[in-house]
Amino acid sequence: TVEAADAALAGLDGGLRDLVEGMRASCVGLLARVDAHIDYEDEMEPLDRGEILEMCKDLRRSAGEALGTARRGKFLESGLTVALIGAPNVGKSSLLNALSGAEKAIVTEIAGTTRDIVEATTDMGGVATKLLDTAGIREDVSDMVEELGVQRSSAAARAADAVVMVVNSQVGWGERETQIVDSLLPPGSGSSELPPLVLVFNQVDAIEGSGLTPAEIISAVPTHVMERLEPPGGPEVPKVLTSAVTGEGIPDIRKEVTRIVGLKGEDGYSKSVWQLNTRQAACLQVCSDRLEELITAVEEGWPVDCCAVHLRGALQALNELTGSDVTEDVLDSIFSQFCIGK
């Protein structure tokens, strides 16, 4: 996509280099203050731990933002895969056609029309996206062909980057939907074992005038099912009401999918976004981990020299990206900032 090309150009233009150099300069300055306090404590003002804590949090935030581009960069480079799953005849094929803007899947009122995976392509948040219309998942399959299709549906859902589970708003949530969740999340497993999920309540156009509110449609999902999909401390599962006939909610599906996989959304990517390779991402992850440890050390009142160890580790990880030397730069910063040791 155009956004992927922009991301690659941003890397060439030095977007990553500028961020890393800025983080490194902040780390060097902070480490110089800490080292100066360790070596020349009698000549220094007491360290302001609150100020240092805020600086560390800013650095961690920058590292986190950079690491976020690694995931986005992966999708820009290799694309996004979204599996549409659900019971037979809930409107998965109609949604696939609506999202892709093409009649890729056969749509009939006969349950089980889709027996194999149908693929279509679209663009979500500037990322080339492969949509998978899967066979309706149910226990009472009619023949071996449908059974194989159901097996492929479950496998496709687990391998996808995101899952859109479709429910027929006319019928509501039933035992078959609960069985689908059970098949994807066997007892004892957690929601983290399933790709990010969006619940889509389709065919809302068919229930106009029924008096049902969106809240009532969504609340039909049993509490014990939602507790499995939304464990304490975990992210909330987005719920979207749609109609493949009128187009209602189709943009919301795109918005929620791009959000749950960590993309920016329908506005796409600015030219300041770059792609991280595996080595760069690994270095920044080490930097982020050391900063997290440093924040804990500062908050818990650890000795200054112990804090310096974590800070030096974060700086070393950044130096692996830039090829710079820690010791020389820190010494230069100490004597440029402070009149000490003279």
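What you see is a predicted model; the values in this text were computed from it and never measured.

The rules behind each value
- Residues numbered from 1 in each chain as written.
- Predicted model: local features only at pLDDT ≥ 70, side-chain atom pairs only at ≥ 80, totals over all residues.
- Heavy atoms only, no water.
- Helix = DSSP H or I, 4+ residues; strand = E, 2+ residues; numbered from the N terminus.
- Contact = heavy atoms within 4.5 Å.
- Buried < 20%, exposed > 50% of the residue type's maximum accessible area, 1.4 Å probe, protein only.
- Pairing = 2+ DSSP bridges.
- Axes fitted to C-alpha atoms, helices over the stretch in contact; angles between N-to-C directions.
- Salt bridge = Lys/Arg side-chain N within 4 Å of Asp/Glu carboxyl O.
- Parallel < 35°, antiparallel > 145°, perpendicular 65-115°, else oblique.
- Nonpolar A, V, L, I, M, F, W, Y, C, P; charged D, E, K, R; others polar.
- Core = buried A, V, L, I, M, F, W, Y, C linked by side-chain atoms within 4.5 Å.
- Disulfide = S-S within 2.5 Å.

Looking only at helices and strands, the chain has 12 helices and 6 strands in total. Residue pairs at least 24 apart in sequence account for 73% of intrachain contacts in the chain once pairs closer than 6 positions are excluded.

Let's shift gears to the pairing of strand β3 (residues 127–133). Most of β3 is tucked away, with 5 of its 7 residues classed as buried. Two elements, strand β1 (residues 80–86) and β3, share 5 bridges in a ladder whose sense is parallel. What sits directly across from A83, in β3, is L132. As defined by bridge partners, strand β2 (residues 118–124) adjoins β3 across 7 bridges and the pair is classed as antiparallel. When the bridges of β3 are listed, T122 appears paired with T129.

Quick look at the sheet that holds β3 now. By definition, the strands of a sheet pair up through backbone hydrogen bonds, in either a parallel or an antiparallel sense. One open sheet accounts for 6 strands, arranged β2-β3-β1-β4-β5-β6; its pairing is mixed. The open sheet has two edge strands, β2 and β6 (239–241), and neither has a second partner. On average, adjacent strands in this sheet sit at an angle of 25 degrees to one another, irrespective of strand direction. With 3 bridges connecting them, strand β5 (residues 197–202) and β6 associate as parallel partners. Considered in β6, the bridge of V200 is made with V240. The sheet strands contacting helix α6 (residues 175–184) are β1 and β4 (162–168), and the helix crosses β4 at an angle near 160 degrees.

Okay, the pattern of salt bridges next. By the definition in use, this model includes 11 salt bridges. A salt bridge links K57 to E299; the nearest nitrogen and oxygen atoms lie 3.9 Å apart. Taken together, the positions of K57 in helix α3 (residues 49–78) and E299 in helix α10 (residues 278–299) put the pair 242 residues apart, joining distant regions of the chain. The closest approach of N and O atoms between E256 and R259, which form a salt bridge, is 2.8 Å. A residue pair is termed a helical-turn pair when its members lie 3 or 4 positions apart in one helix, as E256 and R259 do in helix α9 (residues 250–260) at 3 residues. Its relative accessible area of 17% is what places E256 among the buried residues. Residue classification places R259 among the partly exposed positions, given a relative accessible area of 47%. Where salt bridges share partners, they join E230, E236 and K239 into one cluster.

The subject of this paragraph is unusual backbone geometry. Positive phi, normally seen in glycine, also occurs at N89, with a value near 65 degrees. With respect to the secondary-structure elements, N89 resides in the loop between β1 and α4 (92–100). A positive phi is found at Q203, a non-glycine position, where the angle reads about 65 degrees. With respect to the helices, strands and loops of the structure, Q203 is situated in the loop between β5 and α7 (214–218).

A word on the packing of α4 against α9. Relative orientation of the contacting elements α4 and α9 amounts to 80 degrees, with a least axis distance of 10 Å. The orientation of α4 with respect to α9, classified from their angle, is roughly perpendicular. Between α4, through L95, A98 and L99, and α9, the contact on the second element is made entirely by I250, I253 and R254. Considering only residue class, the contact of α4 with α9 consists of 5 nonpolar, no polar and 1 charged.

Let's shift gears to the nonpolar core. Ranked by size, the top nonpolar core spans 53 residues in total, and within it V164, L199, L229, I253 and V257 carry the most contacts. Apart from residues no more than four positions distant in its own chain, V257 is found in contact with L80, V82, M124, A162, V164 and V198. V34, L284, C287 and V304 belong to the second-largest nonpolar core, a separate cluster that totals 30 residues.

This next bit is on the state of the cysteines. Counted under the stated rule, the structure contains 0 disulfides. You can see C306 has no disulfide; the closest cysteine sulfur is in C307, sitting 6.9 Å from it. Residue classification places C306 among the partly exposed positions, given a relative accessible area of 32%. C307 sits in the buried class, given a relative accessible area of 7%.

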